[in-house]
Amino acid sequence: MSTPLLEIEDLCARVGNKEIIKNFNLTINEGEVHAIMGPNGAGKSTLSYVLSGKPGYEITSGSIKFKGKDLISMSVEERAREGMFLIMQYPVEIPGVPVNSFLKHAVNALHQHNNESELDTMEFLKMLREEAKKLGIDNEMLKRAVNVGFSGGEKKRLEALQMSVLKPCFAILDEADSGLDIDAIKVVSNCVNNMLDGKRSLLIITHYQKLLNYIEPDFVHVFADGHIVKSGNKSLSEEIEANGYASYVKEK
Amino acid sequence: MVGLLENIELFGQNIPWLEALREEGRNIFTLPGAKTEAWKYTKLHDLRCDDFVYSPSKFIEELEGGYEDNEDCGCSDCDQSDHSCGCGGGCCCGNHLNLYIDIPFEAYQIHFNNGKFVPLYPALPLGVEVMTLMQAIVEGEARNYVGKYIELKKYPFAALNTAYLEEGVFISIERNVKLAKPIMIVYHTSTKHNLVSHIHNIIVAENNSSAVVVEYYKHTGADKDRYFNNIVNEFYLSPKAEVKHYKFQEEAYKSVHIALNHAVVKDGAKYKSFCLQKGANLARNETKVELLQENANTEVNAAYIMNGWATIDTTTDIAHLSEKTTSSQLVKGVVGGEARGVFQGKIAISKNAQETEGYQQHRALLLSDTAEIDVKPELEIYADNVKCSHGAACGELDKEQLFYMRSRGIGEEDAKQILIDAYLTDVIDKIDDEDIKEWIRANV
């Protein structure tokens, strides 16, 4: 019997006056990998921001349940502490904040949320260095300011490191734009694949089928006009790769 | 119940030059109004009241309900009934006069308690001397400095300070002496009265000497304490001397803190300062540096963090008076609530001061729509071969950065604090001494 992790029902959301998500429905069970594909500008990224709670995105109707709880009433940080992780397409640079202290704050916030004692600095650094080593991140990078001057690949490596340290039960991999950096994708997909243990779930948001060569989805959905217009298995993505999105986009 | 200019009895009234100087200060002082250019952004309403209480040495015991010298306070915790601990006739058990400060470095400590010097002298190495200002006046050491360099007409509060010249310390560092530990001056204030304290310190660094002077304004009383600390620090740097002056102002939130730091810097000497202001409802930290001789150098850096309805003012005036003098200033502020940050920064380069360099930067972060920043940079350049620049900018916390941090589980308030700390990193990094830097960082 599968347990639902994320249940989205009749979701409508807008940015300013523009309705972008319209009657969107999707259920993701524990251990499942879903991919949402769609043409550029269809609002795929909006979906990832709505799920992570970014300010400026207004939910006008519908419901989202995460682990059975009402997600919409949770703050951005509560969602993260409950185990949601957004792997951003363009991770933000934070000058003056070193990677290690940034992650220490994040890990301690998570521990506090789970009523666990905070790690002391030595314990934390030991754990961080071990995880970093697995991803080929050296100690020098841990001392640098978050994402400042990082290459595309390094940024993704840092996203992967954060995920392996925070151990979320649900990740959203946002690669909505067409500009894919293949090296960066390899880094992040390796990490995502390591995370997938049959219990954790993943939502991939992408334009190109290429990404799905690295991470095997259980389900593929086509997103157009604010909602899912077709669902299938991996063969659907191959069909899109061959024929494009034209048949799914309404003539305007 | 008195205004700022009250007739009180001061020590040293038999010293004619001192009396003349006090008289001069008294005649010059008037509270600047809105039309005074130097005070147009920093309103002085908090000083327009008549319930001030003066605190010259002899009145303090009576005022605080304290004890005569050498009298046991009678509390059972007090085991030094002769007050040899230097509590100044108050109580020497930690309960009534606690001079302990939590700092992560060793220092030669000097304490003022409610505006009064605590006669507890640190064990100083050879070549360094600390005495009270009155002793330095009586013995003549202070005669060459006090009242010689500061233009009282330009500095009304220095004039007021001079009118009540009595409290303070005189610190001298002999030639070639390099102090290993900082000299730390701690100003404890805990008073239910609207106490006025005028403290005047003089620091003299002889040829090729070096010292670090740390000032810590620490409020130890009830939250709602009101008081006015009016400070003048004079620094005299002989050729090749180096003085680093770090200040942390954490006064009570209803208090007034006005300080003038006046430095005279000679050939090849360096005065470097950093000031963090966090407290008081009305505060000005003003720094005037006279780069008097060739190759004199100064750095004036500051940070301020404020909330509520406070006004915190950072005013600088760097006078390049000779060739090849250099100066740089970096001031950064974080302003929230309905607070107002003021920065007035001046670089003045006189006609003969060729080949000088002067740089100034002010940056501020506004945390609310009602916070305000007033910035007045001034360059006054009469020489033609100089490098000089200034810049000012203000902004707000980056929403994308906040979202990124929160999406990793960091709470909104923590995320803001992390970004504020990061914002102030570069100016705090200007502090050379690692331990002091960490202390300041921990207090941001």
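Model, not experiment: these values are computed from the prediction.

Conventions and cut-offs
Residues numbered from 1 in each chain as written. Chains lettered and ligands numbered in written order. Predicted model: local features only at pLDDT ≥ 70, side-chain atom pairs only at ≥ 80, totals over all residues. Heavy atoms only, no water. Domains from an automatic or database assignment. Contact = heavy atoms within 4.5 Å. Buried area = accessible area lost by both parts, 1.4 Å probe. Salt bridge = Lys/Arg side-chain N within 4 Å of Asp/Glu carboxyl O. Axes fitted to C-alpha atoms, helices over the stretch in contact; angles between N-to-C directions. Helix = DSSP H or I, 4+ residues; strand = E, 2+ residues; numbered from the N terminus. Parallel < 35°, antiparallel > 145°, perpendicular 65-115°, else oblique. Left-handed = near helix turned anticlockwise from the far one by under 90°. Nonpolar A, V, L, I, M, F, W, Y, C, P; charged D, E, K, R; others polar. Polar contact = N/O pair within 3.5 Å; in protein donor to acceptor, adjacent residues only side chain to side chain.

Glancing now at the domain arrangement of chain B. As a measure of interface size, the accessible area lost when the parts come together is often cited. All names here are of chain B. Considered domain by domain, chain B is made up of domain 1 (16–66 + 99–398) and domain 2 (399–444). Here the C-alpha centroids of domain 1 and domain 2 sit 26 Å apart. Facing 33 residues of domain 1, the contacting portion of domain 2 comprises 22 residues. Roughly 2400 Å² of surface becomes buried between domain 1 and domain 2 when both sides are summed, with 70% attributable to carbon and sulfur atoms. When the area that domain 1 buries against domain 2 is broken down by residue, the three leading residues are Lys-332, Leu-397 and Asp-398, summing to 26%. Summed over the shared surface of domain 1 and domain 2, the number is four salt bridges.

Once that is clear, we can look at the packing of helix 1 (residues 16–28) of chain B against helix 4 (residues 156–163) of chain B. Residues and elements named next belong to chain B. Two numbers describe how helix 1 lies on helix 4: the axes approach to 7 Å, and their chain directions differ by 140 degrees. Considering the angle they form, helix 1 stands oblique to helix 4. You can see that helix 1 and helix 4 cross each other, and the crossing is left-handed. Only Ala-159, Thr-162 and Ala-163 of helix 4 make contact with helix 1, whose side of the interface consists of Leu-21, Arg-22, Gly-25, Arg-26 and Ile-28.

Below, the discussion takes up the packing of helix 3 (residues 99–113) of chain A against helix 6 (residues 152–166) of chain A. Residues and elements named next belong to chain A. For the pair helix 3 and helix 6, interaxial distance at closest approach is 10 Å and the crossing angle is 30 degrees. Comparing their axes, helix 6 and helix 3 come out roughly parallel. Of the two elements, helix 3 crosses helix 6, and the hand of that crossing is right-handed. Between helix 3, through Val-99, Phe-102, Leu-103, Ala-106, Val-107 and Leu-110, and helix 6, the contact on the second element is made entirely by Leu-158, Leu-161, Gln-162, Val-165 and Leu-166. Class assignment for the residues of the contact of helix 3 with helix 6 results in 10 nonpolar, one polar and no charged.

Between chain A and chain B, the residue contacts involve 30 residues of the former and 16 residues of the latter. Interface area for chain A against chain B, summed over the two sides, is near 1900 Å², with a carbon-plus-sulfur share of 67%. The largest share of the area that chain A buries against chain B comes from A:Lys54, A:Glu77 and A:Val92, three residues that together contribute 24% of it. Taken together, chain A and chain B are joined by three salt bridges. Residue A:Glu159 is joined to B:Arg408 by a salt bridge in which the shortest nitrogen-to-oxygen separation is 2.6 Å. Along the contact surface separating chain A from chain B lie 11 residue pairs in polar contact (both at pLDDT 80 or more). Looking at the side of chain A that touches chain B, the elements that each hand over two or more residues are helix 1 (44–52), helix 2 (76–81), strand 6 (84–87), strand 7 (94–98), helix 3 and helix 6 of chain A. Residues that form the side of chain A that touches chain B fall into these classes: 18 nonpolar, seven polar and five charged.

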